[in-house]
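Given next are the chains, with one letter for each unit.
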Amino acid sequence: MSVQNYIDKVMKTTMQSTPGQTEFYQAVEEVLMSLEPLLKAEPKYDEQNILERIVIPERQILFRVVWMDDSGKIQTNIGYRVQFNSAIGPYKGGLRFHPSVNLGIIKFLGFEQIFKNSLTGLSIGGGKGGSNFDPKGKSDGEIMRFCQSFMIELSKHIGETRDVPAGDIGVGGREIGYMFGEYKRLTGNFEGILTGKGVNWGGSLARTEATGFGSVYFAGNVLNKQDDDLEGKIATVSGSGNVAIYTIQKLYDMGAKPVTCSDSRGMIYDKNGIDLDSLKLIKEANRQSLEEYAKLHTDATYLPVHSYPEGTNAVWGVPCDIAFPSATQNELNLEDMKNLHKNGCKLVCEGANMPTTPEAIEYMLANGIMYGPAKAANAGGVATSQLEMSQNASMQKWSFAEVDSQLRSIMKNIFDLSYDTSKEFGFEGNLMVGANIAGFKKVADSMIDQGAV
Ligand code: NDP
């Protein structure tokens, strides 16, 4: 069977056996198509049925989460943990609390996580979880009761050497704290079963900053390869959560000017550069709408989502040198990419998971815009989570500077590995192909070593 037929067959079976999981198919197709040159060079992956195996999670757990709201009413949500692949280490990947969460979304995130974790060079397998619970508008008490109920079931499936979840959209330090507390109450053990913990109780310094910082380090590496750097560059950033805020912070450190941010209700364009202190106050401290930013900064423009030009995300209509999509999946489409190209954007560096649609990626690559794919560019978060696990296991605490310096070198290694692999397989500079092949190869070879697993 030709390699293309093999890929088509696996795609077809996946779609037939898991109906309706659109985002999952999108993630699988991107990886499988990138593997073509590797599969041609090394028939062992076909002979060992690796593609058929790797697209099926080792285990997926779906559970009922029941909790009481402030009015005394019983509320119900669905909880998920997909333990996708443990060939190279314990499952590792975040928990997402957002009303859009369903099994297909958790599977796409878990599938991406396998290759991302592999690329870090660390011993961590791939997993992801979450719930369709919406933290927005809930009191602290409601969030706590939900997290406790969620952990009652999750606690049966995680462990320091088994599965170590972390945060993602809607899950930050507060939620990790409530879940960690409940795990400790249930088991009586103080263990590193979650990462992103508070620094007073087992968390790592620089974990909060790591995904955003890592994404900017990655962009720096891409530019350095072209004898360029971030100094003086104009950057557009979407989102205003954990990843976006620390992307903006590191951009300033590196001499660039971030001029946008956004949330699910609208976007801010501040030609003077986003005021980080105001953004942190509005988002991290007070969890308010970005509209508040425009009240504090009269030079800035606030555009609500309903007034975006039809079919586009207004963030990508702002002229920039580099774009950092850092909110959510499929937030940058073909029209957006055409706008970026027209306005002179040179690099798209993905802080969010799968933020760019397949058509937009195709257009970007065809038009010479450099591309930092999510599994390479945003791997700094999970890599630093693993550094948190190492500190927990050895009962050590490293300084901010030490963790940050390890993060920086991990991001450089990921870039080099992705670049060198793209070159080895005849696609020099195509970091999507390089990252997918390098991430896949280590996992697939480990699966072969371990027999029929
Ligand atoms: P947060 O919850 O901290 O922030 C998410 C941001 O994205 C918010 O500004 C939110 O706006 C916005 N957003 C979420 N959903 C949508 C939507 N459907 N449309 C428009 N805006 C939306 O999450 P993170 O910053 O942690 O995560 C952002 C992205 O980065 C995700 O793709 C995540 O998977 C990825 N990522 C995160 C890592 C981490 O360490 N945290 C690691 C690697 C990847 P609002 O508040 O209005 O909902």
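What you see is a predicted model, and the numbers here were worked out from it, not measured in a lab.

Visitor: What am I meant to see in helix α17 (residues 400-424) here?
Guide: Within an α-helix, residues lying three or four positions from one another point in the same direction, as the helix has 3.6 residues per turn. Taking 1.5 Å of rise per residue, the 25 residues of α17 would be expected to cover 36 Å, and the 36 Å separating its terminal C-alpha atoms lies within 8% of that figure. Burial in α17 covers these residues: Val403, Asp404, Leu407, Ile410, Met411, Ile414, Phe415, Ser418, Tyr419, Thr421 and Ser422. Tucked inside the fold, the buried residues of α17 contact α6 (103-119), α9 (207-225), α10 (242-253), α15 (374-377), α16 (380-394) and α18 (431-449). Backbone geometry just downstream of α17 places Gly426 in the positive-phi region, at approximately 85°.

Visitor: What's the story with a nonpolar patch on the surface in this structure? I'm lost.
Guide: A cluster of nonpolar side chains, contributed by Val66, Met68 and Ile74, occupies part of the molecular surface with about 250 Å² of accessible area. Within the secondary structure, Ile74 sits in strand β2 (residues 74-85).

Visitor: Got a minute to help me understand the site of the ligand in this structure?
Guide: The full set close to the ligand counts 23 residues, and Lys136, Asp168, Thr211, Ser264 and Asn353 are the nearest of them. A distance of 2.9 Å is found between an oxygen atom of the ligand and a side-chain nitrogen or oxygen belonging to Arg96. Asn353 places a side-chain nitrogen or oxygen 2.8 Å from an oxygen atom of the ligand. Protein chains bury 81% of the 890 Å² of accessible surface belonging to the ligand in isolation. Looking at the shell around the ligand, the elements with two or more residues in it are α9 and α10. In terms of residue class, the shell around the ligand is built from four nonpolar, 14 polar and five charged. When residues of the shell around the ligand are assigned to domains, at least three map to each of domain 2 (59-190) and domain 3 (210-377).

Visitor: Looking at this structure, how should I read the packing of aromatic side chains?
Guide: The description of an aromatic ring pair rests on the distance of the ring centres and on the angle between the ring planes. Within the structure shown, the criterion is met by 20 aromatic pairs. Taking the centre distance of 5.1 Å and the plane angle of 90° together, the rings of Phe97 and Phe146 count as edge-to-face. Residue Phe97 is located in strand β3 (residues 91-97), and its partner Phe146 is located in helix α7 (residues 140-154); the two are separated by 49 residues in the primary sequence. Exposure remark for Phe97: the relative accessible area of 1% places this residue in the buried category. Among the residues examined, Phe146 registers a relative accessible area of 0% and is labelled buried. Between the aromatic rings of Phe97 and Phe150, the centroid separation amounts to 5.2 Å while the plane-to-plane angle is 75°, which identifies the pairing as edge-to-face. With Phe97 in strand β3 and Phe150 in helix α7, the pair connects residues that are 53 residues apart, well separated along the chain. For the pair shown, Phe97 and Phe150 are each scored as buried. Grouping aromatic residues by their ring pairs yields a cluster made of Phe24, Tyr45, Phe84, Phe111, Phe115 and Phe440. A cation sits over an aromatic face here: Lys138 above Phe133, 5.3 Å from the ring centre. Directly above the ring of Tyr419 sits Lys225, whose terminal nitrogen or CZ lies 4.3 Å from the centroid.

Visitor: I'm lost on unusual backbone geometry in this one. Help?
Guide: Keep in mind that most residues, glycine aside, have a negative phi and that most peptide bonds are trans. Residue Arg287 is not a glycine yet carries a positive backbone phi of 50°. Mapped onto the secondary structure, Arg287 falls in the loop between α11 (276-285) and α12 (291-296). Judged by its relative accessible area of 53%, Arg287 is exposed. In this structure, Asn330 is a non-glycine residue whose phi angle is positive, near 55°. The residue Asn330 is located in the loop between β11 (322-324) and α13 (334-342) in this model. Exposure remark for Asn330: the relative accessible area of 31% places this residue in the partly exposed category.

Rules behind the numbers
Residues numbered from 1 in each chain as written. Predicted model: local features only at pLDDT ≥ 70, side-chain atom pairs only at ≥ 80, totals over all residues. Heavy atoms only, no water. Helix = DSSP H or I, 4+ residues; strand = E, 2+ residues; numbered from the N terminus. Expected span 1.5 Å × (residues − 1). Buried < 20%, exposed > 50% of the residue type's maximum accessible area, 1.4 Å probe, protein only. Contact = heavy atoms within 4.5 Å. Patch = residues over 30% accessible without salt bridge, like charges linked within 9 Å, V, L, I, M, F, W, Y side chains within 5 Å. Areas by Shrake-Rupley, 256 points an atom, 1.4 Å probe, with all protein chains shown as cover. Salt bridge = Lys/Arg side-chain N within 4 Å of Asp/Glu carboxyl O. Near = heavy atom within 4 Å. Polar contact = N/O pair within 3.5 Å; in protein donor to acceptor, adjacent residues only side chain to side chain. Nonpolar A, V, L, I, M, F, W, Y, C, P; charged D, E, K, R; others polar. Domains from an automatic or database assignment. Phe/Tyr/Trp six-rings, centres within 6.5 Å; stacked < 30°, edge-to-face > 60°. Lys NZ or Arg CZ within 6 Å of the ring centre and 35° of its normal.

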